[in-house]
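Descriptive structure summary
The chain contents come next:
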Amino acid sequence: MKSMMLTGLRQMEMKEVAEPVLINPGDVKIRMSVVGVCGSDVHYFTQGKIGSQVVQYPFPVGHEGAGVVVETGKDVKKVRPGDIIAIEPAMNCGECDQCLSGRPNTCRKLKFLGCPGQAEGCMSEYIILPEGSCFPLQKGLKSDDGVISEPLAIGLYSVKTSVALKGKNIGILGFGPIGMSVMLAAKAEGAGRIYVTDKINERLTIARDEGAEMTANPLTTDIVKSILENEPLGLDVVFECCGQQDAFDQAVELLKPGSKLMVVGIPEFDKWTMSVDKTRRKEITVQFVRRQAECTEDALEMIRDGRIDISRMVTHRFPFSRAKDAFDLVAGYKDGVMKAMIDF
């Protein structure tokens, strides 16, 4: 089969590799249909690592995907050949203290699709996953919905982990696919006024179309001043969704005393810094987000019943043979890209 692999920094090549075969009775073989390019994939593409997770070349990344079931192990009951499925890329053990306490996202033995040292990604014609990672798409859902359910589940988990958002005024700093997922989930939960920032003006247009109270580009606007002019008491929650120290600092300034900062973005550096004086005096709670826990089905259901509309998220498409072009586009923040999809 064909597999698109990272071969060096900002380098990708299509390679012929052996087609995977079923080994475990609970495994499912999937023919990939669509893959979304995620910011974490781009970290591996441009940096060769995320923290301690370092790529050993060649390596196929990719974890946002949808495909068709072609074969199942003898113990599989949830899906059958021919089913179109969404992929949950996290494979938890189900037995450790974290899994048993309802935290599969921090499983002690977690394996994640497209994560170096854990599992090869889905940028291949066929992959094999455990049954628990496969979610059949119900009537009314398409493959694109299955792909978007992965980042949307992170946004939904971030919102659920924050505070009861009904009527609360929030900030979203960084409006890529994760920031947009947070906004869509927050709207569904009844959030009040939503303030959005990003360095790409086309993304801010999408945010306004989705109902943002105000949008601003930090390259041309004093973010803190402009938002606090509208919200002099500060915001109830701020979601940092871009992994930038400047955004973290802005969030601290924007938050009212006793509020919460949700750190969702993945930075390229090793250590955050914060003002002890401002965070302590405001008694701010800082919550880090690790992917998502058990929100995939909810995300799919919210798309299916219309509570969440993802129609503005996908902005670019590429054939599998041009996957590198998709990665170059996203890595360079070109052409107003929000979500780039790769079709098989």
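To be clear, the structure that these remarks concern was listed above.
For the structure given in this document, a descriptive report is provided here. What you see is a predicted model, and the numbers here were worked out from it, not measured in a lab.

Here we take up the layout of surface pockets. Volume-wise, the second largest pocket comes out at about 460 Å³. The wall of the second largest pocket is formed by 22 residues, among which Ala119, Glu120, Ile127, Ile128 and Leu129 lie closest to the centre. Every element with two or more residues in the lining of the second largest pocket is listed here: strand E1 (2-8) and strand E10 (126-130). In terms of residue count, the dominant contributor to the lining of the second largest pocket is E10 (five residues). Residue composition of the lining of the second largest pocket, by class: 14 nonpolar, five polar and three charged.

A few words on the pairing of strand E19 (residues 339-343). Strand residues, when the strand is regular, have side chains that alternate between the two faces of the sheet. Counting buried positions along E19 yields four of five residues, so the element is predominantly enclosed. Two strands pair when backbone bridges link them, and strand E18 (residues 314-319) and E19 are joined in this way by five bridges, in the parallel orientation. When the bridges of E19 are listed, Pro319 appears paired with Asp343. Assessed by its sense of winding, the connection that carries the chain from E18 through helix H10 (residues 323-331) to E19 is right-handed.

Leu165, Ile170, Ile172, Phe175, Val196 and Phe239 are the most contacted members of the largest nonpolar core, which has 48 residues in total. Secondary-structure elements contributing two or more residues to this core are helix H3 (143-161), strand E12 (170-173), helix H4 (177-188), strand E13 (194-197), helix H5 (201-209), strand E15 (235-240) and helix H9 (296-304). In terms of residues, this core owes the most to one element, H3, which gives eight residues. With residues near it in sequence (within four places) discarded, Ile172 still touches Gly179, Val182, Met183, Ile194, Tyr195, Val196, Thr197, Phe239 and Cys241. In terms of nonpolar packing, the next biggest core, distinct from the first, is built from 46 residues, Met32, Cys107, Cys115 and Cys134 among them.

Our focus in this paragraph is unusual backbone geometry. Here Tyr57 and Pro58 are connected by a cis peptide whose omega angle stands at -10°. Position of Pro58 relative to the elements: it lies in the loop between strand E5 (53-54) and strand E6 (64-72). Residues other than glycine seldom take positive phi values, yet Arg10 does so here, at roughly 60°. As for its placement among the helices and strands, Arg10 is situated in the loop between E1 and strand E2 (11-16). For Arg10, a relative accessible area of 44% corresponds to the partly exposed category. Unlike most non-glycine residues, Asp335 shows phi in positive territory, near 55°.

We now examine the packing of aromatic side chains. A complete count under the given rule lists four aromatic pairs for this structure. Ring plane angle 25° and centroid distance 4.2 Å describe the contact between Phe320 and Phe344, whose orientation is recorded as stacked. Note that Phe320 is positioned in the loop between E18 and H10 and Phe344 in the segment after E19, a separation of 24 residues in sequence. The buried category is assigned to Phe320, whose relative accessible area is 8%. We classify Phe344 as partly exposed; its relative accessible area is 34%. One aromatic cluster is present, built from ring pairs that chain together Phe248, Phe269 and Trp272. The side chain of Lys29 reaches across the aromatic face of Tyr126, ending 5.1 Å from its centre.

This part takes up H5. Taken residue by residue, H5 has Arg203, Leu204, Ile206 and Ala207 as its buried positions. Seen from one end, H5 has its buried residues packed into an arc of 155°, which puts them on one side. The inward-facing, buried residues of H5 abut H4, E13, strand E14 (214-216) and E18. Trailing H5 by a residue or two, Gly211 shows a phi angle of about 105°, which is positive.

Analysis parameters
- Numbering of residues starts from 1 in each chain and follows the order in which that chain's sequence is written.
- A pLDDT threshold of at least 70 governs which residues receive local features in this predicted model, and a stricter bar of 80 or more applies before side-chain atom pairs are shown or counted, although totals over entire chains, interfaces and linings include all residues.
- As a convention, hydrogens and water are excluded, and side-chain values are obtained from all of the structure's heavy atoms.
- In the cavity and pocket records, a cavity denotes points on a 1 Å grid over the protein atoms alone where a 1.4 Å probe fits but cannot get out, a pocket denotes an open set with protein on both sides within 12 Å along at least 5 of 7 lines, and lining residues are residues with an atom within 4 Å of a point.
- Grid points are joined across faces, edges and corners, and a volume is the space filled by probe spheres set on the points.
- Numbering of helices and strands runs from the N terminus; a helix is a DSSP stretch of H or I covering at least four residues, while a strand is a stretch of E covering at least two.
- For this classification, the nonpolar set comprises Ala, Val, Leu, Ile, Met, Phe, Trp, Tyr, Cys and Pro, the charged set comprises Asp, Glu, Lys and Arg, and every other residue, Gly included, is treated as polar.
- The cut-offs for exposure are 20% and 50% of the maximum accessible area for each residue type, with area from a 1.4 Å probe on protein chains only; residues under the lower value are buried, those over the upper are exposed, and the others partly exposed.
- The pairing criterion is simple: DSSP has to find at least two bridges between the two strands.
- Viewed with both strands pointing away, a crossover whose connecting path from the first strand over the helix to the second turns clockwise is right-handed.
- By nonpolar core is meant a set of buried Ala, Val, Leu, Ile, Met, Phe, Trp, Tyr and Cys residues that side-chain atoms within 4.5 Å join together.
- Note on contacts: a residue pair is in contact if any heavy atoms of the two residues lie within 4.5 Å.
- Paired rings are identified among Phe, Tyr and Trp, the last through its six-membered ring, by centres lying within 6.5 Å, and are further divided according to the angle between planes into stacked (under 30 degrees), edge-to-face (over 60) and tilted (the rest).
- The rule for a charge over a ring is simple: NZ of Lys or CZ of Arg within 6 Å of the ring centre, and within 35 degrees of the ring normal.
- Starting at the helix axis, one direction is taken to each C-beta atom, and the arc is that of these directions.

Everything listed here is a matter of geometry and, on its own, says nothing about what the molecule does.
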